[in-house]
Amino acid sequence: MAEEISHKGRVLSSQDGVVKVEIISQSACSACHAAGLCSAAEAKKKEIEAFSSKSFAAGEEVNVFLRRSMGMKAVLLAYAVPLFVVLAITVALCYSGVDELVSGLAGVCGLAIWYFIVYLLRDKIARGYAFEVEKIIN
């Protein structure tokens, strides 16, 4: 298993050690030979800021890397912890004799509180994700 997650991208700008890179995120079926005819294939353009001591020219093709452990951290914050929060609240309230509807609504409220906390801490969380940029050598 690779230790890094990488995407090819194109440099939009490079100033003061910050490189803005546009990557195209494609769905798994976009590589299919029938992707042009199928409405399920999709590709989205995303803009990423990476830090580099090297200088890059606008339009230059680069690889953008992120350590796999950072991807797992994102999965935990976005999916695993919220699932645990909803289940813990709902099950605890159901076993304590609270009505199922109230338990379910409390679980959803707990989920909303979790995502609000993540929103408030977004800048601190973002500092933990460091993208690296490397030139593509043809």
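The structure displayed is predicted, hence computed values, not measured ones.

Definitions and limits used
- Residues numbered from 1 in each chain as written.
- Predicted model: local features only at pLDDT ≥ 70, side-chain atom pairs only at ≥ 80, totals over all residues.
- Heavy atoms only, no water.
- Helix = DSSP H or I, 4+ residues; strand = E, 2+ residues; numbered from the N terminus.
- Buried < 20%, exposed > 50% of the residue type's maximum accessible area, 1.4 Å probe, protein only.
- Contact = heavy atoms within 4.5 Å.
- Areas by Shrake-Rupley, 256 points an atom, 1.4 Å probe, with all protein chains shown as cover.
- Patch = residues over 30% accessible without salt bridge, like charges linked within 9 Å, V, L, I, M, F, W, Y side chains within 5 Å.
- Salt bridge = Lys/Arg side-chain N within 4 Å of Asp/Glu carboxyl O.
- Expected span 1.5 Å × (residues − 1).
- Arc of directions from axis to C-beta.
- 1 Å grid on protein atoms, 1.4 Å probe; cavity = no way out; pocket = protein on both sides within 12 Å on 5 of 7 lines; lining within 4 Å.
- Points joined across faces, edges and corners; volume = space filled by probe spheres on them.
- Nonpolar A, V, L, I, M, F, W, Y, C, P; charged D, E, K, R; others polar.

Each helix and strand in the chain was counted, giving three helices and five strands. Starting at the N terminus and ending at the C terminus, the chain contains elements arranged as β-β-β-β-α-α-α-β. For the chain, with 138 residues in total, the buried portion stands at 17%. Residue pairs in contact within the chain that sit at least 24 positions apart in sequence constitute 66% of those at least 6 positions apart. Here the chain has roughly 10000 Å² of accessible surface; of this, 62% comes from carbon and sulfur atoms.

Moving on: a nonpolar patch on the surface. Judged by side-chain polarity, I113, F116, I117, Y119, L120 and L121 come together as a nonpolar surface patch covering roughly 610 Å² of accessible area. Tracing the backbone shows I113 in helix α2 (residues 100-120).

Here we come to the side chain of N63. Along the chain, N63 falls in strand β4 (residues 61-67). Using a relative accessible area of 17% as the deciding quantity, one classes N63 as buried. Setting aside its immediate chain neighbours within four residues, N63 contacts H7, K8, E132, V133, E134 and I136.

Attention now moves to the pattern of salt bridges. Side chains that carry opposite charge are capable of pairing whenever their charged atoms lie near each other. All told, the structure shown has three salt bridges when counted by the stated rule. Note that E61 is salt-bridged to R10, the shortest N-O span being 3.2 Å. Remark: R10 occurs in strand β1 (residues 4-15) and E61 occurs in strand β4; sequence separation between them is 51 residues. Of the residues examined, R10 reaches a relative accessible area of 39% and is grouped as partly exposed. With a shortest N-O distance of 3.8 Å, K135 and E60 are connected by a salt bridge.

In this section: α2. For α2, which comprises 21 residues, the first-to-last C-alpha distance of 30 Å matches the rise-based estimate of 30 Å (1.5 Å per residue) to within 8%. Of all the positions in α2, only S103, G107, G110 and W114 are classed as buried. Taken down its axis, α2 places every buried residue within 60° of arc, on the same side. Exposed and facing more than 90 degrees away from the buried side of α2 are L101, V108 and L120. At its buried positions, α2 is contacted by α1 (68-95).

Tallied over the entire structure, the rule returns one cavity of 30 Å³ or more. Of the pockets and cavities examined, the largest cavity occupies roughly 30 Å³. Around the largest cavity sit E4, F65, L66, R67, A130 and E132, which together line it. If you tally residues by element for the lining of the largest cavity, the top one is β4, at three residues. Broken down by class, the residue content of the lining of the largest cavity amounts to three nonpolar, no polar and three charged.

Next up on the list: the environment of C109. If you trace the backbone, C109 turns up in helix α2. Judged by relative accessible area, which is 47%, C109 ranks as partly exposed. Here the alpha-carbon distance between C109 and I89, two residues 20 residues apart in the chain, equals 9.5 Å.

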